[in-house]
Amino acid sequence: MKTDDLYNIIRDVPDFPKPGILFKDITPLLKSPQHFSYCLDVLQQILSDYKFDYIAGIESRGFVFAAPLADRLNTGFVPIRKPGKLPWKSYQESYDLEYGSNTLEIHRDALEKGSRVVVMDDLLATGGTALAANKLVEKCDGTVVLDLFVIGLSFLNGTKVLEDYPTKTILNF
Ligand code: AMP
């Protein structure tokens with residue numbers, strides 16, 4: 001298995017969820033145990049260069065990668081969720097998406113002061129989602145050591161929005 005195999009298994013869906021958006025569909029990758037496992041291997045290899053306490057996954061496709069990586073690396077998993085889903089006291093942060101706007105939440109006691117955190121999502125587009133997630137980590141007195149993504153849409157310049165944070169993507173379009 002090589003990185004090209006991961007490129008080839010991402011499905012492009014034009015005009016989803018809105019006209020003009022080319023949606024990168026990762027469900028074929030998740031469906032193939034070989035591809036999914038190899039993708040996790042590549043992400044795990046990147047993370048071997050970082051020291052951290054938690055992987056925070058962004059709902060919902062970020063969860064799919066963050067949770068198995070947290071298990072492989074013996075770190076905790078922290079959910080960053082859409083509004084109204086978390087049962088305990090939470091912090092909120094609103095953000096702009098490539099197609100609309102949204103709010104994310106984290107439990108106020110999700111991190112201990114000074115925790116080192118990797119923020120994980122499936123895809124970096126404009127960077128608004130990840131920036132909001134980073135701010136939530138900081139509201140909990142954590143430090144973001146890396147924003148990690150499977151896919152990066154370079155033409156949307158998300159890394160510029162995240163310029164204050166280390167950022168890595170494995171598949172770049
Ligand atoms: P952004 O905040 O613009 O960086 O958007 C990133 C978030 O929106 C991630 O959670 C992605 O899953 C989702 N997203 C945005 N654009 C796309 C796209 N073209 N294909 C798949 N997911 C996308």
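Below: a short report on this structure. If you're wondering where the values come from, they're calculated on a predicted model, not measured in any experiment.

Here the focus is unusual backbone geometry. Cis peptide bonds are those with omega within 30 degrees of zero, and the linkage from Phe16 to Pro17 qualifies with -5 degrees. Relative to the helices and strands, Pro17 is located in the loop between strand 1 (11-14) and strand 2 (22-25). Note that the residue after Glu59, namely Ser60, is joined by a cis bond; omega there is -10 degrees. Mapped onto the elements, Ser60 comes out in the loop between strand 3 (54-58) and helix 4 (61-73). The backbone phi angle of Asn157 is positive, close to 55 degrees, even though this residue is not glycine. Along the chain, Asn157 falls in the loop between strand 8 (143-152) and helix 6 (158-161). Judged by relative accessible area, Asn157 falls into the partly exposed class, the value being 47%.

Glancing now at the pattern of salt bridges. Side chains bearing opposite charge may pair, as long as their charged atoms lie close to each other. Tallied over the entire structure, the rule returns 8 salt bridges. Between Arg81 and Glu59 there is a salt bridge; the shortest N-O distance is 2.9 Å. Separated by 22 residues along the polypeptide, Arg81 in the loop between strand 4 (76-80) and strand 5 (90-97) and Glu59 in the loop between strand 3 and helix 4 bring together distant segments of the chain. Ionic pairing is found between Lys160 and Glu163, a salt bridge with its closest N-O pair at 2.9 Å.

This next bit is on the environment of Arg72. Among the structural elements, Arg72 can be located in helix 4. Owing to a relative accessible area of 32%, Arg72 belongs among the partly exposed residues under this scheme. Each C-alpha atom of the pair Arg72 and Pro166 lies 22 Å from the other, and the pair is 94 residues apart in sequence. With residues near it in sequence (within four places) discarded, Arg72 still touches Ser37, Leu40, Asp41 and Gln44. Separated by 3.5 Å, the side chain of Arg72 and the backbone oxygen of Ser37 make a polar contact.

Below, the discussion takes up the packing of aromatic side chains. Scanning the entire structure with this criterion turns up 4 aromatic pairs. Consider the rings of Phe63 and Phe77, whose centres lie 5.5 Å apart with planes at 90 degrees: the pair is edge-to-face. Of the two residues, Phe63 sits in helix 4 while Phe77 sits in strand 4, which places them 14 residues apart along the sequence. Judged by relative accessible area, Phe77 falls into the partly exposed class, the value being 32%. The side chain of Lys24 reaches across the aromatic face of Phe173, ending 3.7 Å from its centre.

Conventions used here
- Residues numbered from 1 in each chain as written.
- Predicted model: local features only at pLDDT ≥ 70, side-chain atom pairs only at ≥ 80, totals over all residues.
- Heavy atoms only, no water.
- Helix = DSSP H or I, 4+ residues; strand = E, 2+ residues; numbered from the N terminus.
- Buried < 20%, exposed > 50% of the residue type's maximum accessible area, 1.4 Å probe, protein only.
- Salt bridge = Lys/Arg side-chain N within 4 Å of Asp/Glu carboxyl O.
- Contact = heavy atoms within 4.5 Å.
- Polar contact = N/O pair within 3.5 Å; in protein donor to acceptor, adjacent residues only side chain to side chain.
- Phe/Tyr/Trp six-rings, centres within 6.5 Å; stacked < 30°, edge-to-face > 60°.
- Lys NZ or Arg CZ within 6 Å of the ring centre and 35° of its normal.

Just geometry here; none of it tells us what the structure is for.
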